[in-house]
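Listed below, chain by chain, are the residues.
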Amino acid sequence: MKVFGYIFLAEDKNHLVPAAEQQAVLEAYARNLNRPFFEIFVEEATPMKRPFKDRSAGSRVLKSCGPGDAILVMRTEWVMSSAGEGESLLRFLAGKDIALHCIDLGGNISLPEKRRLMVSEGPATVVGKLLAALAVSETSRHGQAIRRAKKNRKAQGKYLGGPVPFGWEVSADGHLVPYEPQQEVIRSIVDMRRNRWSYREISQKLRDEQKVRLSHEGVRRLLSSIGGKAGRGGKGDSG
(Lines give C-alpha, C1' and ligand atoms only; values in the text may rest on other atoms or scores of the structure.)
Protein backbone atom coordinates (compact mmCIF):
# COMPACT_ATOMS: atom_id res chain seq x y z
CA MET A 1 0.00 0.00 0.00
CA LYS A 2 1.33 3.42 -1.00
CA VAL A 3 0.52 6.45 1.11
CA PHE A 4 0.11 9.87 -0.49
CA GLY A 5 -0.13 13.15 1.37
CA TYR A 6 -2.21 16.07 0.15
CA ILE A 7 -1.35 19.55 1.38
CA PHE A 8 -3.75 22.37 0.56
CA LEU A 9 -2.55 25.96 0.78
CA ALA A 10 -5.75 27.97 0.87
CA GLU A 11 -5.93 31.31 -0.92
CA ASP A 12 -8.02 32.70 1.94
CA LYS A 13 -5.73 33.56 4.85
CA ASN A 14 -8.48 32.61 7.29
CA HIS A 15 -8.18 28.99 6.10
CA LEU A 16 -4.44 28.93 5.44
CA VAL A 17 -2.35 26.45 7.41
CA PRO A 18 1.40 26.52 6.65
CA ALA A 19 2.70 23.64 4.56
CA ALA A 20 5.25 22.67 7.22
CA GLU A 21 2.52 22.38 9.87
CA GLN A 22 0.32 20.27 7.59
CA GLN A 23 3.22 18.01 6.67
CA ALA A 24 4.11 17.41 10.32
CA VAL A 25 0.52 16.38 11.09
CA LEU A 26 0.36 14.10 8.04
CA GLU A 27 3.69 12.44 8.87
CA ALA A 28 2.60 11.76 12.46
CA TYR A 29 -0.63 10.18 11.20
CA ALA A 30 1.28 8.10 8.63
CA ARG A 31 3.54 6.77 11.38
CA ASN A 32 0.44 5.53 13.21
CA LEU A 33 -0.49 3.65 10.05
CA ASN A 34 3.02 2.16 10.03
CA ARG A 35 3.39 3.34 6.45
CA PRO A 36 5.93 5.87 5.12
CA PHE A 37 4.89 8.45 2.57
CA PHE A 38 5.41 7.55 -1.06
CA GLU A 39 4.82 11.15 -2.18
CA ILE A 40 3.32 14.39 -0.91
CA PHE A 41 1.39 16.66 -3.26
CA VAL A 42 1.00 20.38 -2.58
CA GLU A 43 -1.96 22.33 -3.94
CA GLU A 44 -1.39 26.07 -4.34
CA ALA A 45 -3.41 28.98 -5.77
CA THR A 46 -6.54 26.86 -6.19
CA PRO A 47 -10.05 27.90 -5.04
CA MET A 48 -11.47 25.66 -2.34
CA LYS A 49 -14.71 25.35 -4.34
CA ARG A 50 -12.96 23.72 -7.31
CA PRO A 51 -13.71 19.95 -7.46
CA PHE A 52 -10.82 17.80 -6.24
CA LYS A 53 -10.48 15.93 -9.53
CA ASP A 54 -10.17 19.23 -11.44
CA ARG A 55 -7.31 20.58 -9.34
CA SER A 56 -3.70 20.36 -10.43
CA ALA A 57 -2.37 18.40 -7.44
CA GLY A 58 -5.72 16.70 -6.78
CA SER A 59 -5.87 15.16 -10.25
CA ARG A 60 -2.25 14.00 -9.95
CA VAL A 61 -2.99 12.32 -6.62
CA LEU A 62 -5.91 10.41 -8.12
CA LYS A 63 -3.86 9.34 -11.15
CA SER A 64 -1.03 8.14 -8.90
CA CYS A 65 -3.22 6.02 -6.60
CA GLY A 66 -4.08 2.40 -7.18
CA PRO A 67 -6.09 -0.26 -5.31
CA GLY A 68 -5.03 -0.48 -1.68
CA ASP A 69 -3.40 2.95 -1.61
CA ALA A 70 -4.29 5.76 0.79
CA ILE A 71 -4.59 9.53 0.59
CA LEU A 72 -4.04 11.60 3.74
CA VAL A 73 -5.35 15.13 4.21
CA MET A 74 -5.53 17.28 7.31
CA ARG A 75 -9.04 18.75 6.82
CA THR A 76 -12.07 17.36 5.02
CA GLU A 77 -13.15 20.67 3.46
CA TRP A 78 -9.87 20.80 1.56
CA VAL A 79 -10.89 17.86 -0.64
CA MET A 80 -14.68 18.29 -0.82
CA SER A 81 -15.95 21.38 -2.61
CA SER A 82 -19.61 20.53 -1.88
CA ALA A 83 -21.76 17.72 -0.50
CA GLY A 84 -22.58 16.45 -3.98
CA GLU A 85 -18.96 16.61 -5.11
CA GLY A 86 -17.84 14.95 -1.88
CA GLU A 87 -20.28 12.10 -2.36
CA SER A 88 -19.05 11.64 -5.94
CA LEU A 89 -15.41 11.60 -4.80
CA LEU A 90 -16.10 9.00 -2.11
CA ARG A 91 -17.92 6.75 -4.60
CA PHE A 92 -14.96 7.03 -6.99
CA LEU A 93 -12.41 6.21 -4.30
CA ALA A 94 -14.44 3.30 -2.92
CA GLY A 95 -14.79 1.87 -6.43
CA LYS A 96 -11.00 2.01 -6.84
CA ASP A 97 -10.39 0.60 -3.33
CA ILE A 98 -8.55 3.78 -2.33
CA ALA A 99 -8.69 4.99 1.26
CA LEU A 100 -9.17 8.68 2.06
CA HIS A 101 -8.05 9.55 5.57
CA CYS A 102 -9.30 12.92 6.80
CA ILE A 103 -7.43 13.57 10.00
CA ASP A 104 -10.01 16.01 11.38
CA LEU A 105 -12.60 13.20 11.17
CA GLY A 106 -10.25 10.69 12.73
CA GLY A 107 -9.94 8.09 10.01
CA ASN A 108 -10.66 6.55 6.65
CA ILE A 109 -13.91 7.96 5.27
CA SER A 110 -14.06 6.15 1.92
CA LEU A 111 -13.70 2.48 2.93
CA PRO A 112 -14.68 0.25 5.86
CA GLU A 113 -11.76 -0.45 8.17
CA LYS A 114 -10.47 -3.79 9.44
CA ARG A 115 -9.79 -3.73 13.14
CA ARG A 116 -8.69 -6.77 15.12
CA LEU A 117 -9.96 -9.20 12.48
CA MET A 118 -13.37 -7.48 12.52
CA VAL A 119 -14.75 -5.21 9.85
CA SER A 120 -15.82 -1.90 11.29
CA GLU A 121 -17.69 0.78 9.38
CA GLY A 122 -15.60 3.45 11.05
CA PRO A 123 -16.50 6.96 9.88
CA ALA A 124 -16.91 5.93 6.21
CA THR A 125 -20.59 4.99 6.30
CA VAL A 126 -21.52 7.87 8.58
CA VAL A 127 -19.80 10.41 6.33
CA GLY A 128 -21.36 8.87 3.23
CA LYS A 129 -24.84 9.16 4.70
CA LEU A 130 -24.13 12.72 5.85
CA LEU A 131 -22.98 13.80 2.39
CA ALA A 132 -25.99 12.15 0.75
CA ALA A 133 -28.30 14.03 3.10
CA LEU A 134 -26.50 17.32 2.48
CA ALA A 135 -26.67 16.78 -1.29
CA VAL A 136 -30.43 16.28 -1.08
CA SER A 137 -30.69 19.40 1.07
CA GLU A 138 -28.67 21.44 -1.43
CA THR A 139 -30.86 20.22 -4.32
CA SER A 140 -34.00 21.02 -2.33
CA ARG A 141 -32.81 24.55 -1.56
CA HIS A 142 -31.94 25.06 -5.23
CA GLY A 143 -35.41 23.90 -6.26
CA GLN A 144 -37.04 26.17 -3.69
CA ALA A 145 -35.03 29.13 -4.97
CA ILE A 146 -36.19 28.42 -8.54
CA ARG A 147 -39.83 28.15 -7.46
CA ARG A 148 -39.59 31.41 -5.50
CA ALA A 149 -38.05 33.18 -8.50
CA LYS A 150 -40.82 31.92 -10.80
CA LYS A 151 -43.49 32.96 -8.30
CA ASN A 152 -42.00 36.46 -8.10
CA ARG A 153 -41.81 36.74 -11.89
CA LYS A 154 -45.41 35.60 -12.20
CA ALA A 155 -46.53 38.16 -9.61
CA GLN A 156 -44.76 40.85 -11.64
CA GLY A 157 -46.46 39.67 -14.84
CA LYS A 158 -43.17 38.51 -16.34
CA TYR A 159 -42.63 35.64 -18.79
CA LEU A 160 -41.81 32.36 -17.02
CA GLY A 161 -39.91 30.70 -19.83
CA GLY A 162 -40.54 28.09 -22.51
CA PRO A 163 -41.37 28.65 -26.21
CA VAL A 164 -42.51 32.20 -26.90
CA PRO A 165 -46.07 32.16 -28.30
CA PHE A 166 -46.52 33.12 -31.95
CA GLY A 167 -47.29 36.84 -32.16
CA TRP A 168 -45.32 37.78 -29.06
CA GLU A 169 -41.78 38.55 -27.96
CA VAL A 170 -40.01 38.97 -24.61
CA SER A 171 -39.16 42.57 -23.74
CA ALA A 172 -35.92 43.68 -22.11
CA ASP A 173 -37.65 43.72 -18.69
CA GLY A 174 -38.97 40.18 -19.09
CA HIS A 175 -42.59 40.82 -20.12
CA LEU A 176 -44.44 39.35 -23.09
CA VAL A 177 -45.27 42.11 -25.58
CA PRO A 178 -46.96 41.94 -29.00
CA TYR A 179 -44.65 41.34 -31.96
CA GLU A 180 -46.34 43.38 -34.67
CA PRO A 181 -45.22 41.44 -37.82
CA GLN A 182 -46.68 38.22 -36.38
CA GLN A 183 -49.72 40.04 -34.96
CA GLU A 184 -50.49 41.09 -38.54
CA VAL A 185 -50.31 37.43 -39.58
CA ILE A 186 -52.69 36.50 -36.76
CA ARG A 187 -55.19 39.13 -37.96
CA SER A 188 -54.99 37.64 -41.46
CA ILE A 189 -55.62 34.16 -40.04
CA VAL A 190 -58.67 35.36 -38.12
CA ASP A 191 -60.07 37.04 -41.24
CA MET A 192 -59.55 33.92 -43.36
CA ARG A 193 -61.21 31.75 -40.76
CA ARG A 194 -64.21 34.08 -40.61
CA ASN A 195 -64.45 33.66 -44.38
CA ARG A 196 -64.74 29.90 -43.85
CA TRP A 197 -61.21 28.94 -44.87
CA SER A 198 -60.09 25.56 -43.55
CA TYR A 199 -57.04 25.22 -41.32
CA ARG A 200 -55.16 23.52 -44.13
CA GLU A 201 -56.04 26.24 -46.62
CA ILE A 202 -54.91 28.92 -44.19
CA SER A 203 -51.64 27.07 -43.56
CA GLN A 204 -50.99 26.74 -47.29
CA LYS A 205 -51.72 30.41 -48.00
CA LEU A 206 -49.42 31.53 -45.20
CA ARG A 207 -46.64 29.35 -46.59
CA ASP A 208 -47.12 30.49 -50.22
CA GLU A 209 -47.70 34.21 -49.75
CA GLN A 210 -46.13 35.20 -46.44
CA LYS A 211 -43.41 32.54 -46.08
CA VAL A 212 -44.82 31.66 -42.67
CA ARG A 213 -44.50 27.96 -41.87
CA LEU A 214 -47.43 27.17 -39.60
CA SER A 215 -49.06 23.75 -39.86
CA HIS A 216 -52.83 23.35 -40.05
CA GLU A 217 -52.71 22.03 -36.47
CA GLY A 218 -50.64 25.06 -35.45
CA VAL A 219 -53.29 27.32 -37.01
CA ARG A 220 -56.00 25.52 -35.07
CA ARG A 221 -54.13 25.84 -31.75
CA LEU A 222 -53.37 29.48 -32.40
CA LEU A 223 -57.02 30.32 -33.08
CA SER A 224 -58.10 28.30 -30.07
CA SER A 225 -55.68 30.17 -27.81
CA ILE A 226 -56.99 33.59 -28.91
CA GLY A 227 -60.62 32.58 -29.20
CA GLY A 228 -60.55 33.34 -32.89
CA LYS A 229 -62.55 30.43 -34.26
CA ALA A 230 -65.07 32.64 -36.07
CA GLY A 231 -67.31 30.78 -38.45
CA ARG A 232 -66.88 27.21 -39.61
CA GLY A 233 -64.10 26.16 -41.90
CA GLY A 234 -64.22 24.37 -45.18
CA LYS A 235 -63.07 20.91 -46.11
CA GLY A 236 -59.98 19.49 -44.42
CA ASP A 237 -60.48 20.78 -40.91
CA SER A 238 -60.85 17.33 -39.45
CA GLY A 239 -57.90 15.89 -41.32
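Each chain has its residues counted from 1, running along the sequence as written. Only residues with pLDDT of at least 70 get local features here, since the model is predicted, and only at 80 or more are side-chain atom pairs given and counted; chain-wide, interface and lining totals rely on the full set of residues. Side-chain calculation: all heavy atoms of the structure are included, whereas hydrogens and water are not.

(A) The arrangement of helix H3 (residues 83-95) in detail. Every helix listed is a DSSP run of H or I at least four residues long, and every strand listed is a run of E at least two residues long, numbered separately from the N terminus. By definition here, a helix of n residues has an expected span of 1.5 Å times n minus one. Between its first and last C-alpha atoms H3 spans 18 Å; for 13 residues at 1.5 Å apiece the expected length is 18 Å, and the two agree. The classification of residues rests on relative accessible area computed with a 1.4 Å probe and restricted to protein chains. Under 20% of the type maximum is buried, over 50% is exposed, and intermediate values are partly exposed. For H3, the full list of buried residues reads Ala 83, Glu 85, Gly 86, Leu 89, Leu 90 and Leu 93. Each buried residue of H3 lies within a common arc of 160 degrees when the element is viewed along its axis, so the set occupies one face. The outward face of H3, more than 90 degrees from its buried face, is lined by the exposed residues Arg 91 and Gly 95. In the stretch just after H3, Asp 97 is the one whose phi turns positive, near 60 degrees. The arc under discussion is defined with respect to the helix axis, by the directions toward the C-beta atoms.

(B) Expanded view of the pairing of strand E4 (residues 99-102). Burial along E4 is two-sided: Ala 99 and His 101 facing one way and Leu 100 and Cys 102 facing the other are all buried. Two strands pair when backbone bridges link them, and strand E3 (residues 70-73) and E4 are joined in this way by four bridges, in the parallel orientation. Residue pairing across strands places Ile 71 opposite Leu 100, the latter belonging to E4. Crossover handedness is defined here as right-handed if the route from the first strand over the helix to the second strand goes clockwise, with the strands pointing away from the viewer. Of the crossover connections in this fold, the one passing from E3 over H3 to the parallel E4 is right-handed. With two bridges connecting them, E4 and strand E5 (residues 107-108) associate as antiparallel partners. Paired with Cys 102 across the two strands is Gly 107, which belongs to E5. For two strands to be treated as a pair, DSSP must find at least two bridges joining them. Joining the antiparallel neighbours E4 and E5 is a turn of four residues, in which Gly 106 adopts a positive phi near 85 degrees.

(C) Spotlight on the side chain of Glu 85. Turning to its location among the elements, Glu 85 is positioned in helix H3. Taking the relative accessible area as the measure of exposure, Glu 85 reaches 17% and is therefore buried. Residue contacts are counted whenever heavy atoms from the two residues lie within 4.5 Å of one another. Sequence-distant contacts of Glu 85, defined by excluding residues within four places in its chain, comprise Pro 51 and Lys 53.

(D) The arrangement of the pattern of salt bridges in detail. Note on definitions: salt bridges are taken to be side-chain nitrogens of Lys or Arg within 4 Å of carboxyl oxygens of Asp or Glu. Taken as a whole and assessed by the stated rule, the structure comprises seven salt bridges. Here Lys 53 makes a salt bridge to Glu 85, at a shortest N to O gap of 3.2 Å. Separated by 32 residues along the polypeptide, Lys 53 in the loop between strand E2 (37-44) and helix H2 (56-64) and Glu 85 in helix H3 bring together distant segments of the chain. Between Glu 180 and Arg 187 there is a salt bridge; the shortest N-O distance is 2.4 Å. The exposure class assigned to Glu 180 is partly exposed, which follows from its relative accessible area of 45%.

(E) The environment of Phe 8, seen in detail. With respect to the helices and strands, Phe 8 occurs in strand E1 (residues 3-9). With 40 residues separating them along the chain, Phe 8 and Met 48 place their C-alpha atoms 8.9 Å apart. Beyond its immediate stretch of four places on either side in the chain, Phe 8 contacts Gln 22, Glu 43, Thr 46, Pro 47, Met 48, Arg 55 and Trp 78.

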